[in-house]
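One-letter residues, chain by chain:
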Amino acid sequence: MRILLIRHFKVDFRWEKNYNHRGYIEALKNYNNSPVTNVRELDFPIEKVYTSSLSRTRETGKYLKGQKTIISTSLIDEIDLQGSVFINYRLPVRMCHRFALLKSRLNLRTQNETRKETNERANKFLDMIEEKNEDCIVVSHAMFLKVLMHLMEKRGYTAMQEIKALSNGEVAEYLKN
């Protein structure tokens, strides 16, 4: 089975330098609803394409050449981050991202999803595609793809390239016998 992982194209959104808790959550909502930019056609001879339920992956999927069957599933949505721990302070956007991700990794209920729940969701997706046992393309998001790659490695998939975080529009290929 051959699986191509693609990170969605770049999102047409400009982050501010600093955010408080509420501002960061609002910016995440706006980011999630922004269109993609820097698009290009992608050509792979695989018909089955899975995208997350977020518009940027569905939009990216439209640039895959050829006849494709596109299936949208929330199982491969991005990790749903929620603000920093410092509710009343303005922090640099990178710190907001890191604090929110740290809260998820520590399985804190202040996030909409714990790391354990993200892993369960990713495993459920892998179970689903392994049961179908067909080549597919998966268009998803940076943090979720990192989790998925780690679980695929644990399940015996072979990465056909160096395992690293994917840039927008970048592809990683995995094989499983």
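Further up the page is the structure itself.
In this report, we go over the structure that sits alongside the text.

The helix and strand inventory of the protein stands at five helices and eight strands. Helices and strands appear in the protein in the N-to-C order β-β-α-β-α-β-β-α-α-β-α-β-β. Over its C-alpha atoms the protein spans a radius of gyration of 17 Å, differing by no more than 12% from the 16 Å that the globule rule assigns to 177 residues. In terms of overall dimensions, the protein has a C-alpha envelope of 50 × 30 × 25 Å along the principal axes. Expressed as a percentage of its 177 residues, the buried residues of the protein come to 44%. Counting contacts in the protein only where the partners sit at least 6 residues apart, residues at least 24 apart contribute 66% of the total.

A word on the sheet that holds strand β3 (residues 48-51). The strand order across the open sheet built from six strands is β4-β3-β6-β1-β8-β7, with neighbouring strands paired in mixed fashion. Each edge of the sheet is formed by a strand with only one pairing partner; in this case those strands are β4 (69-72) and β7 (158-159). As paired strands, β3 and β4 are joined by four bridges and run parallel to one another. Pairing of K48 across the sheet is with T69, part of β4. Contacts between helix α4 (residues 115-132) and the sheet are confined to β1 (2-7), β3 and β6 (136-140), with β3 contributing the most and set at about 170° to the helix. Contacting β1, β6 and β8 (171-175), helix α5 (residues 142-154) runs over the sheet at an angle of about 155° to β1.

Here the focus is the nonpolar core. Ranked by size, the top nonpolar core spans 34 residues in total, and within it I3, L5, F125, V138, L148 and M152 carry the most contacts. When residues of this core are assigned to their parent elements, the largest contribution, seven residues, is made by α5. Ignoring anything within four residues of it in the chain, the contact list for L5 reads V138, L145, L148, M149, M152, L166, E170, V171, A172 and Y174. The next biggest cluster of nonpolar side chains, apart from the first, holds eleven residues, and it includes F9, L42, F44 and V139.

Glancing now at the layout of surface pockets. Any empty space left between the atoms is revealed when a probe the size of a water molecule rolls over them. Roughly 1,300 Å³ of internal volume is contained in the largest pocket. What lines the largest pocket is a set of 40 residues, and nearest its centre among them are E78, L81, H97, A142 and M143. Broken down by secondary-structure element, the contributors of at least two residues to the lining of the largest pocket are α1 (21-32), α3 (93-105), α4 and α5. Of the residues forming the lining of the largest pocket, the biggest block, eight residues, is contributed by α3.

Criteria and cut-off values
Residues numbered from 1 in each chain as written. Predicted model: local features only at pLDDT ≥ 70, side-chain atom pairs only at ≥ 80, totals over all residues. Heavy atoms only, no water. Helix = DSSP H or I, 4+ residues; strand = E, 2+ residues; numbered from the N terminus. Rg over C-alpha atoms; globule rule 2.2 N^0.38 Å. Buried < 20%, exposed > 50% of the residue type's maximum accessible area, 1.4 Å probe, protein only. Contact = heavy atoms within 4.5 Å. Pairing = 2+ DSSP bridges. Axes fitted to C-alpha atoms, helices over the stretch in contact; angles between N-to-C directions. Core = buried A, V, L, I, M, F, W, Y, C linked by side-chain atoms within 4.5 Å. 1 Å grid on protein atoms, 1.4 Å probe; cavity = no way out; pocket = protein on both sides within 12 Å on 5 of 7 lines; lining within 4 Å. Points joined across faces, edges and corners; volume = space filled by probe spheres on them.

Nothing here speaks to function; it is all geometry.
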